[in-house]
Amino acid sequence: MIVMAEIRIGSRMVGDGHPVFVIGEIGINHNGSLENAFKLIEGAARAGCDAVKFQKRTPDLCVPKDQRDIERDTPWGRMKYIDYRYKVEFGKEEYAAIDGCCKEHGIEWFASCWDEEAVDFMEQFTPPCYKAASASLTDLPLLKKTAATGRSLIISTGMSTMEEVERTVAELGMEKLLIAHTNSTYPSPIDELNLRMMTTLKALYPEVPIGYSGHEVGLATTWAAVALGATFVERHITLDRAMWGSDQAASVELSGLAKLVENIRDIEKALGDGVKRLYDGEIAARKKLRRTP
């Protein structure tokens, strides 16, 4: 019996035998600006992405107490870290506008929730799925809270041991689960990407769609992930890699994003189905060059 790893996300099936589901990770690269968020949504839609993703935190729950009052330089001047975290968080009004913008441009959107309160917040927008950040892979209460919504859940495996991955999958079960291989260094060194880990995950969990979340500089390695069988890919996107923010340097600008998606679609066509054929275009060359025994 052949097991097909496939799950529905919004209007799309994701998994074996389906086009690669491309996610533009906006995260907090909007720097708290709704205008920036709109530009990134529009750019991702033009590039051909299937979805964009944000990050949602409740700062009082996510920021450790010993870091809250540490002052940092920010685009708004020097301020306490807890105040900065609130500056880059969107609330209900902003996400309602984001929801409208995504519908206008025909693109799905969802979020990585970093705490249980954030899951409750995002549920009002009925997202097609959720993503759990690599940092949350061992936060089983959060993962189970997210899975209990009944929506598909993408877990990311960066900064984790194989034992931690296996334990989390065993706790969550494989129904409506997707797994993203990733390296959590920003940006990731090329020789630490270990793309063949996707092959390992596919063999271990044949009924689970396996994908790739990249934080490296450049596009070639994401294309390689598609060639190796990634059923979905995610890359951080930005308006300008030189913008302020910890994720900007490991992100793809919109012009590069269009190239990324275009070439992913070319790779899909080129991979074919593995059945040997004689194509019409080869017939003339065959007649001219092939010796008849």
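Please read all numbers here as calculations on a predicted model, not as lab measurements. (Residues numbered from 1 in each chain as written. Predicted model: local features only at pLDDT ≥ 70, side-chain atom pairs only at ≥ 80, totals over all residues. Heavy atoms only, no water.)

### Here's the deal with the side chain of Thr-231
Test applied: The helix and strand labels rest on DSSP assignments: H or I over at least four residues marks a helix, E over at least two residues marks a strand, and numbering proceeds from the N terminus. Each residue is placed in one exposure class: buried if its accessible area under a 1.4 Å probe, protein chains only, is under 20% of its type's maximum, exposed if it is over 50%, and partly exposed if it falls in between. Any two residues whose heavy atoms approach within 4.5 Å at even a single point are treated as in contact.
Looking at the secondary structure, you find Thr-231 in the loop between α9 (220-227) and β12 (232-238). The class of Thr-231 is buried, set by a relative accessible area of 5%. In contact with Thr-231, not counting residues within four places along its chain, are Val-14, Gly-15, Asp-16, Pro-19, Val-20, Phe-21, Lys-202, Pro-209, Ile-210 and Gly-211.

### Here's the deal with unusual backbone geometry
Glycine aside, residues mostly have negative phi, and peptide bonds are mostly found in the trans state. In this structure, Pro-187 follows Tyr-186 across a cis peptide bond, with omega equal to -5°. The phi dihedral of Asn-31 falls on the positive side, at around 55°, and the residue is not glycine. A residue is classified by how much of its surface remains accessible, and Asn-31, at 12% relative accessible area, is buried. Phi at Lys-176 is positive, roughly 60°, even though this residue is not glycine. Examined against the element boundaries, Lys-176 turns out to sit in the loop between α7 (162-172) and β10 (177-182).

### Re the packing of aromatic side chains
For the record, the criterion: A pair of Phe, Tyr and Trp rings is counted when the ring centres sit within 6.5 Å of each other, with Trp represented by its six-membered ring. The angle between the planes then sorts it: under 30 degrees is stacked, over 60 is edge-to-face, the rest tilted.
As enumerated under the stated definition, the model contains eleven aromatic pairs in all. Relative to Tyr-84, the ring of Trp-76 lies with its centre 6.3 Å away and its plane at 45°, an arrangement referred to as tilted. Ring geometry for Phe-90 against Tyr-95: centres 5.8 Å apart, planes inclined by 85°, an arrangement best described as edge-to-face. Taking the relative accessible area as the measure of exposure, Phe-90 reaches 3% and is therefore buried. Under the relative-accessibility criterion, Tyr-95 is labelled buried at 1%.

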